[in-house]
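Structural features, examined
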Amino acid sequence: MGSGLILGIESSCDETAAAVVERGALTRSSIVASQISTHAPYGGVVPELASREHLRNVVPIMRAALTEAGCGLSDLDAVAVASGPGLAGALLVGITYAKALAFAEGIPLIAVNHLEGHIHAVLLQSRESFRQQRLTAQLGMPGEDDGALPMPALALVVSGGHTHLYLARPPVAGAEVGAWHYSLIGRTLDDAAGEAFDKVAKLLGLGYPGGPWIDHLAQFGNPKAVPFGFAQIKTKAHLEGKAPRTKGARTAPIADLDRHFLFSFSGIKTAVLRYVEVHGMRASCEARQRALMALPNPTWKDAQALCDQQTLDLIASFQHAVVGDLLRKTFAAAEAVGAASVLVTGGVAANRELRVRFTAEAAERGLPVAFPTLALSTDNAAMIAAAAWPRFLAGDFALMSLEASPRLTLG
Ligand code: KG4
Ligand code: ZN
């Protein structure tokens, strides 16, 4: 082993990202090219456009990551790439490029599960802040595992494509060196939480992606105005295969999962739609959408000025209900499985109400909780390079025949 530097590449959805991370613990660079403005006019990610943008961006982004890290290709110990889950064509761009680099430089290729990457975003972040505290206090450099969260950790991965609970355990010293272990504890049966944010925002005539718009506008509404409830999830239909199989439900069997840790967000989306219809709000939603589309760069302030109090109350109530459901099930699961800490990761982990309420609940329970920085919450490549480090140590390398795994699961 040489420098301990791993180049990470991420292209699973609508962000092209490259990063250099040292020994899974120190981010030397992290560059992300977002495609939001490409997809925004369509109200969602268009797979063909995503692949085209990745092709356009991957080389300059990788070069920028190396320049910012102050290193060259010959300094790298390995190249890591997200191999799934995600859009097949989008994943393929990153994988093909990573293979070419690894082959040309004669260094190992490491395949990383995108979901494992999101979990390692938080571990990387907690190691980096611990290191910073030690350096500020002039206590010297920490060891490699210092500053990591108490284990095992209950991880809530909550993004546009996932709402999954995993119990994450670090490698057992002396046994399976390098391999983290993940057990699936719960997941959504239908829409992911981020998908619900996006769909509700679209319905209300707000921009794409919807989460950040709702997050901002919710603070001006009354979260108790509309009492959205989450009915107890009935799994019989799902177990018998009679329930509709939606995007989020395609993967991983649920037979072994405790139904108390299953999520369902398609109901609240329909409840918001019904509220809009019953209260005659549809015309104002359409007018808001037209007004925002007509602006070159609409801001939160523009959106806020276009929302009456009833709409702001609806937004705040929706967010309050979703965050409450995530909070109750996550902490119940943490207690049930005896987790020593909780971590929340993925795009929705950027949500302010979620961070405030999870922090308060964790303090009450005396359980450490951690989130990634905002930059590490959404898709990035530092998390891919960080997750690759234990695999690098274990010699767990991918073959040149590595393919994209759009439906890859974890745990
Ligand atoms: O992890 P991510 O960047 O991509 C996926 O792997 O899906 O997550 C994107 C999702 C989108 O659904 C977006 O609306 C949501 O994360 N999101 C938020 C916030 N920022 C992003 N949801 C709620 N509040 C936010 N502040
Ligand atoms: Zn993601």
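These lines cover the structure that appears in this document, whether it is placed above or below. (Residues numbered from 1 in each chain as written. Chains lettered and ligands numbered in written order. Predicted model: local features only at pLDDT ≥ 70, side-chain atom pairs only at ≥ 80, totals over all residues. Heavy atoms only, no water.)

Right, let's talk about the environment of Ala 64 for a bit. Its location among the elements puts Ala 64 in helix H2 (residues 47–69). In this structure Ala 64 comes out as partly exposed when scored by relative accessible area, which is 28%. Taking C-alpha positions, Ala 64 is 7.1 Å from Ile 31, a pair spaced 33 residues apart along the chain. (Helix = DSSP H or I, 4+ residues; strand = E, 2+ residues; numbered from the N terminus. Buried < 20%, exposed > 50% of the residue type's maximum accessible area, 1.4 Å probe, protein only.)

Across the sheet, 5 strands lie side by side as E8-E7-E6-E9-E10; this open sheet has mixed pairing. Looking at the sheet topology across the chains shown, the edges are occupied by strand E8 (181–187) and strand E10 (369–370). The pairing of strand E6 (residues 153–158) with strand E9 (residues 341–345) spans 5 bridges and is parallel. Looking at the pairing, Ala 153 lines up with Ser 341 of E9. This element, helix H11 (residues 309–337), spans E6, strand E7 (163–169), E8 and E9 of the sheet and lies at about 155 degrees to E6. (Pairing = 2+ DSSP bridges. Contact = heavy atoms within 4.5 Å. Axes fitted to C-alpha atoms, helices over the stretch in contact; angles between N-to-C directions.)

With that settled, the discussion passes to the coordination of the zinc ion (ligand 2). Taken together, the protein donors to the zinc ion (ligand 2) comprise His 114 (NE2), His 118 (NE2) and Asp 379 (OD), at separations of 2.1 to 2.2 Å. Taken together, the 4 donor atoms coordinating the zinc ion (ligand 2) and their angles of 93 to 145 degrees define a geometry best described as irregular. Donor residues binding the zinc ion (ligand 2) come from one chain and are separated in sequence as H-x3-H-x260-D. With His 114 and His 118 both in helix H4 (residues 114–136) and 4 residues apart, the pair spans about one turn of that helix. We classify His 114 as buried; its relative accessible area is 6%. His 118 sits in the buried class, given a relative accessible area of 1%. (Donors = N, O, S within 2.8 Å, 3.2 Å for Na, K, Ca; no water. Tetrahedral: all angles 85-135°; square planar, octahedral: opposite > 155°, others 65-115°.)

Moving on, we get to the site of ligand 1. Lining the immediate environment of ligand 1, one finds 20 residues, of which Gly 160, Asp 198, Gly 211, Asp 215 and Asn 351 sit closest. Contact distances for ligand 1 include 3.5 Å between an oxygen atom and a side-chain N or O atom of His 118. The fraction of the free accessible surface of ligand 1 (550 Å²) that becomes covered by protein chains is 90%. Taken together, the elements giving at least two residues each to the shell around ligand 1 come down to H4, helix H5 (193–203) and helix H6 (210–218). Top contributing element to the shell around ligand 1 by residue count: H6, with 4 residues. Taken together, the residues that form the shell around ligand 1 break down as 5 nonpolar, 12 polar and 3 charged. (Near = heavy atom within 4 Å. Polar contact = N/O pair within 3.5 Å; in protein donor to acceptor, adjacent residues only side chain to side chain. Areas by Shrake-Rupley, 256 points an atom, 1.4 Å probe, with all protein chains shown as cover. Nonpolar A, V, L, I, M, F, W, Y, C, P; charged D, E, K, R; others polar.)

In this section: the packing of aromatic side chains. Tallied over the full model, the rule gives 7 aromatic pairs. The interplanar angle of 20 degrees and the centroid separation of 6.5 Å between the aromatic rings of Trp 180 and Tyr 182 together place this pair among those described as stacked. Summarising the aromatic geometry, the rings of Phe 331 and Phe 358 are spaced 5.5 Å apart at their centres and angled 45 degrees between planes, so their arrangement reads as tilted. Of the two residues, Phe 331 is situated in helix H11 and Phe 358 in helix H12 (residues 352–365); the sequence distance between them amounts to 27 residues. Each member of the pair, Phe 331 together with Phe 358, is buried. Among the aromatic residues, those joined into a ring-pair cluster are Trp 389, Phe 392 and Phe 397. (Phe/Tyr/Trp six-rings, centres within 6.5 Å; stacked < 30°, edge-to-face > 60°.)

Between its first and last C-alpha, helix H14 (residues 382–394) extends 19 Å over 13 residues, near the 18 Å set by a 1.5 Å rise per residue. When the local axis directions of H14 are compared, the greatest deviation, roughly 30 degrees, occurs at Ala 388, which is followed within four positions by the proline Pro 390. Across the 13 residues that make up H14, a large majority, 10, are buried. Every buried residue belonging to H14 is among Ala 382, Met 383, Ile 384, Ala 385, Ala 386, Ala 387, Ala 388, Trp 389, Pro 390 and Phe 392, and all of these are buried. Looking one or two residues past H14, Gly 395 carries a phi angle of roughly 70 degrees, positive in sign. (Expected span 1.5 Å × (residues − 1). Bend = angle between axes of the 7 residues up to and from the residue.)

Here we come to the pairing of E9. Burial runs high along E9: 5 of the 5 residues are buried. A two-sided burial pattern is seen for E9, the buried positions comprising Ser 341, Leu 343 and Thr 345 on one face and Val 342 and Val 344 on the other. Relative to E10, E9 is paired through 2 bridges, and the arrangement is parallel. When the sheet's bridge partners are listed, Val 342 is paired in E10 with Val 369. Crossover handedness for the path E9 to H12 to E10: right-handed. (Right-handed = clockwise from strand over helix to strand, strands pointing away.)

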